Amino acid sequence: MPTKGLSNERLENYEKILIEEKEQTQRIINNINDIQRRGNKDQSGDLSSYSIHQADMGTDTDESEKRVYILNKELEKIKEINSALRRIYDKSYGICEICGCYIPENRLKIVPYARFCIECKSKEEKNTRRK
Ligand SMILES: [Zn+2]
């Protein structure tokens, strides 16, 4: 059992952040689903507020592919947020799933649904890339 973790007050704060983030993500997903349903001719759905790195996308990606790309990313994010919320409720939030250390709050502020500390995260990424 961890002896020193986030206080209940901090946990409640992150719960609020995660719920807001989830609602925002859900809105993006709904928006994309709507556009996809209406078909590609209608471009009225606004994704302009969503910044996307050209480097991730390639140059010839059309709008529809871009939406699928964002949709998949957002769906993945919702899963991460949901499991972070579960960790808040069972009080394991903020603890690295690999080494068991406490994830620094400056990292949680940037990625509130982080599951690993920075060291484990970079090891994980190296492993994934190797596969
Ligand atoms: Zn770790």
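(A) Region of the structure containing the coordination of the zinc ion. Distances from the zinc ion to its protein donors, Cys96 (SG), Cys99 (SG), Cys117 (SG) and Cys120 (SG), fall within 2.3 Å. Taken together, the 4 donor atoms coordinating the zinc ion span angles of 103 to 119° at the metal, a pattern that classifies the geometry as tetrahedral. Binding-site remark: the zinc ion is held by donors from one chain whose sequence spacing is C-x2-C-x17-C-x2-C.

(B) Quick peek at unusual backbone geometry. Non-glycine residue lysine 91 carries a positive phi angle of around 65°. Position of lysine 91 relative to the elements: it lies in the loop between α3 (63-89) and α4 (105-110).

(C) Fine view of helix α1 (residues 8-38). Here α1 spans 45 Å end to end across 31 residues, near enough to the 45 Å set by a 1.5 Å rise per residue. On its buried side, α1 packs onto α3 and α4. One or two residues past the end of α1 sits glycine 39, with phi positive at roughly 95°.

(D) Focus on a positive patch on the surface. A surface patch of like charges, here positive, comprises Lys123, Lys126, Arg129 and Arg130. With respect to the helices and strands, the residue arginine 129 is situated in helix α5 (residues 118-130).

(E) Examining the packing of aromatic side chains more closely. This structure, assessed with the given rule, holds 1 aromatic pair. Aromatic side chains tyrosine 14 and tyrosine 93 sit 5.5 Å apart centroid to centroid with 45° between the ring planes, which places their arrangement in the tilted category. Of this pair, tyrosine 14 sits in helix α1 while tyrosine 93 sits in the loop between α3 and α4; the two residues are 79 residues apart in sequence, bridging distant segments of the chain. On the basis of relative accessible area, tyrosine 14 is assigned to the buried category, the value being 1%. With a relative accessible area of 3%, tyrosine 93 lands in the buried category.

(F) Highlighting the nonpolar core. The biggest cluster of nonpolar side chains holds 16 residues, and the ones touching the most others in it are Leu18, Ile88, Tyr93, Cys96 and Leu108. Elements that contribute at least two residues to this core include exactly α1 and α3. Broken down by element, this core gets its largest block of residues, 4 residues, from α3. Every residue in contact with tyrosine 93, bar those within four places of it in the chain, is listed here: Leu6, Leu11, Tyr14, Leu18, Ala84, Arg87, Ile88, Leu108 and Pro112. By size, the runner-up hydrophobic cluster in this structure holds 6 residues, among which are Ile28, Ile29, Ile32 and Ile70.

Basis of the calculations
- Residues numbered from 1 in each chain as written.
- Predicted model: local features only at pLDDT ≥ 70, side-chain atom pairs only at ≥ 80, totals over all residues.
- Heavy atoms only, no water.
- Donors = N, O, S within 2.8 Å, 3.2 Å for Na, K, Ca; no water.
- Tetrahedral: all angles 85-135°; square planar, octahedral: opposite > 155°, others 65-115°.
- Helix = DSSP H or I, 4+ residues; strand = E, 2+ residues; numbered from the N terminus.
- Expected span 1.5 Å × (residues − 1).
- Contact = heavy atoms within 4.5 Å.
- Patch = residues over 30% accessible without salt bridge, like charges linked within 9 Å, V, L, I, M, F, W, Y side chains within 5 Å.
- Areas by Shrake-Rupley, 256 points an atom, 1.4 Å probe, with all protein chains shown as cover.
- Salt bridge = Lys/Arg side-chain N within 4 Å of Asp/Glu carboxyl O.
- Lys, Arg positive; Asp, Glu negative; His and termini not counted.
- Charge placed at Lys NZ, Arg CZ, Asp CG, Glu CD.
- Phe/Tyr/Trp six-rings, centres within 6.5 Å; stacked < 30°, edge-to-face > 60°.
- Buried < 20%, exposed > 50% of the residue type's maximum accessible area, 1.4 Å probe, protein only.
- Core = buried A, V, L, I, M, F, W, Y, C linked by side-chain atoms within 4.5 Å.

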